[in-house]
Each structure stands twice: as structure tokens, then as C-alpha cells.
Amino acid sequence: MPKIKWKAGTLTAPLPPALVSCRADGRDNLITVAWTGILSSDPPKTYISLRPTRLSYDMIKETGVFVINLPSSHIIRSIDFCGVRSGRDVDKFAECRLTAEEATEIDCPTVAESPVSLECRVTEIVPLGSHDMFVADIVAVDVDDRYVDEAGKLHIERCSLAAYAHGSYFALGKKIGSFGYSVKKKRR
Ligand SMILES: Cc1cc2nc3c(=O)[nH]c(=O)nc-3n(C[C@H](O)[C@H](O)[C@H](O)COP(=O)(O)O)c2cc1C
């Protein structure tokens, strides 16, 4: 089947509508960020791309730290809200009734209602066009112990994660495989 050719654009999906928390001058803020991902496993490196007009851009540039809180479907309304209102006008933690918990390695809040939080320290800011990419080391990962079993295994399928695709939010559905399963020998 031939595909229709569209002009170049950002149609990659699904993406995490991550809830990024930051703090500057004693003030906590939240921003929803879909332009995020992993750059390297060892050392663990991530990025967020921000428009310079965002309040969070100035805050993170000033402090050099932020936290990526993975999106849970339970708080998807708050995630959307944090993506359409600026911390210049509203205290988003208070308005969304989200709980700020202290990060362990950096001076920054994490979001208690998120199942997994990645504490990040910025190493460089790369200007790219509409957005600047904040490249960062992941310096700690905070995991809600409700999703970790006695053996220390994280059951991510129980975290009710949400995805963002082409302007809409989706709840992640059923597990359909796992890493390397296609080449695994079947047990007799
Ligand atoms: C689903 C979604 C994804 C978003 N992704 C980004 C992003 O990757 N980078 C960005 O700069 N803004 C992004 N935004 C917009 C910001 O979250 C929004 O402008 C926010 O109000 C900025 O808040 P602040 O001024 O308090 O920093 C996104 C918004 C939504 C709803």
C-alpha cells in the first residue's frame, strides 16, 4: 500500500507526556513535556526539549536540575493542565493537588503521585530551533514501592502509564511481549 507523503513534522508516537518538576528561588513548578527520551544507557542520559518562552526553561537553566515524573493515567487531567497553564499564573502543585516530595540527589521536588521519578542534572543545553535540548545525567531513580515485589522487580504494567500520540492521551494497554521474546526458546 503506498503511503501519503506529508510535509516534514514531529509525528512520532507514542511519547510519554512526562510531568517535569523543577524548583528555583524557593518556588516549585511543573511542566508537561512530550519531547523527551533516552540518549545513552551508560552513563544514563536523557533530555527534555523546551521552548525558551516557558517559565520552566528559565528555572531549569538557572538551577541545572529537574525531575522527569513518568505519567500515570490517574493524573492525566493534571498532566494536561500543567501543559496548558504557566507557573507564571498559577501554582500548579496546589491547583492540581499534587504532592511534592523531596528528590534524594538534587534540590528539586518529585511528584508523589507518579510511579517513577528520574532525578536529572543538566550537562549541556543545545539550541535546536523552536526548542532547546537540555541534555542531562540521570542521577537517581525513585520508584513507588507499591510496584516493586519482594525480589526487587518493578512491575511497570501495574503503574497505569499513559502515552501521548498525535494530540491525544492513551492508557497503556495489555502487555503483548517482552524484550527478546521473539527469539527465546520455548520451554518443553
Ligand atoms: C501533552 C503536552 C506536551 C508538551 N510538551 C512540551 C515539550 O516537550 N516542550 C515544551 O517546551 N512544551 C511542551 N508543552 C507545553 C508546556 O507544557 C506548556 O507551555 C506549559 O504551560 C509551560 O509551563 P511553564 O510556563 O510553567 O513552564 C506540552 C504541553 C502538553 C499539553
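All values reported here derive from a predicted model rather than from experimental measurement. (Residues numbered from 1 in each chain as written. Predicted model: local features only at pLDDT ≥ 70, side-chain atom pairs only at ≥ 80, totals over all residues. Heavy atoms only, no water.)

**Q** Is there a simple way to explain the side chain of His 131 in this structure?
**A** Within the secondary structure, His 131 is located in the loop between strand E8 (116-127) and strand E9 (132-143). At 2.7 Å, the side chain of His 131 and the side chain of Ser 130 are in polar contact. Contacts of His 131, omitting those with residues within four sequence positions, involve Trp 35, Ser 49, Leu 50, Arg 51 and Val 126. (Helix = DSSP H or I, 4+ residues; strand = E, 2+ residues; numbered from the N terminus. Polar contact = N/O pair within 3.5 Å; in protein donor to acceptor, adjacent residues only side chain to side chain. Contact = heavy atoms within 4.5 Å.)

**Q** Just to check I follow, could you spell out the pattern of salt bridges for this structure?
**A** Opposite charge on two side chains permits them to pair, given that their charged atoms come into close proximity. Under the criterion given, the structure shown has 6 salt bridges. For Asp 137, the salt bridge is made with Lys 45, and the minimal N-O distance between the two is 2.9 Å. Of this pair, Asp 137 sits in strand E9 while Lys 45 sits in strand E4 (residues 45-50); the two residues are 92 residues apart in sequence, bridging distant segments of the chain. Residue classification places Asp 137 among the partly exposed positions, given a relative accessible area of 24%. Of the charged contacts, one joins Asp 58 and Arg 88 as a salt bridge, the two residues approaching to 3.9 Å between their closest N and O atoms. Taken together, the residues span a long stretch of sequence, with Asp 58 in helix H1 (residues 55-63) and Arg 88 in the loop between helix H2 (76-82) and helix H3 (92-96) at a distance of 30 residues. Linked by salt bridges that have partners in common, Arg 23, Asp 28, Glu 102 and Asp 107 make up one network. (Salt bridge = Lys/Arg side-chain N within 4 Å of Asp/Glu carboxyl O. Buried < 20%, exposed > 50% of the residue type's maximum accessible area, 1.4 Å probe, protein only.)

**Q** Got a minute to help me understand unusual backbone geometry in this structure?
**A** Glycine aside, a negative phi is what most residues show, and trans is what most peptide bonds show. Of note, the amide linkage connecting Ala 13 to Pro 14 takes the cis form, showing an omega dihedral of -5 degrees. If you trace the backbone, Pro 14 turns up in the segment before strand E1 (18-24). In this chain, Asp 42 is followed by Pro 43 through a cis amide linkage whose omega measures 5 degrees. By secondary structure assignment, the location of Pro 43 is in the loop between strand E3 (36-40) and E4. Within the chain, Asp 25 stands out as a residue other than glycine whose phi angle is a positive 50 degrees. Within the element layout of this structure, Asp 25 appears in the loop between E1 and strand E2 (27-33).

**Q** Looking at this structure, how should I read the site of the ligand?
**A** Near the ligand, the surroundings consist of 22 residues, among which Thr 32, Ser 49, Ser 56, Ser 86 and Gly 87 are the closest. A distance of 2.9 Å separates an oxygen atom of the ligand from a polar atom in the backbone of Trp 35. Within the side chain of Ser 86, a nitrogen or oxygen atom sits 2.7 Å from an oxygen atom of the ligand. Relative to its unbound accessible surface of 650 Å², the ligand loses 89% to contact with the protein. Residue assignment for the shell around the ligand shows that the elements contributing at least two residues are E2, E4 and H1. Top contributing element to the shell around the ligand by residue count: E2, with 4 residues. Looking at side-chain class alone, the shell around the ligand contains 10 nonpolar, 8 polar and 4 charged residues. (Near = heavy atom within 4 Å. Areas by Shrake-Rupley, 256 points an atom, 1.4 Å probe, with all protein chains shown as cover. Nonpolar A, V, L, I, M, F, W, Y, C, P; charged D, E, K, R; others polar.)

**Q** Please explain the packing of aromatic side chains as it appears in this structure.
**A** Counted according to the given criterion, the structure contains 2 aromatic pairs. Relative to Phe 134, the ring of Tyr 57 has its centre 5.2 Å away and its plane inclined at 90 degrees; by these criteria the two rings are edge-to-face. With Tyr 57 in helix H1 and Phe 134 in strand E9, this residue pair connects regions lying 77 residues apart in the sequence. Aromatic pair Tyr 164 and Tyr 169: ring centres 5.5 Å apart, planes at 40 degrees, arrangement tilted. With a relative accessible area of 33%, Tyr 169 lands in the partly exposed category. (Phe/Tyr/Trp six-rings, centres within 6.5 Å; stacked < 30°, edge-to-face > 60°.)

**Q** Quick question: what am I supposed to make of the state of the cysteines here?
**A** Where two cysteines share a covalent bond between their sulfur atoms, that bond is called a disulfide. Scanning the model with the defined rule gives 0 disulfides in all. In this structure Cys 82 is not part of a disulfide, and its nearest cysteine sulfur, from Cys 96, lies 3.9 Å away. For Cys 82, a relative accessible area of 2% corresponds to the buried category. With no disulfide of its own, Cys 159 lies 17 Å from the sulfur of Cys 120, the closest cysteine sulfur. (Disulfide = S-S within 2.5 Å.)

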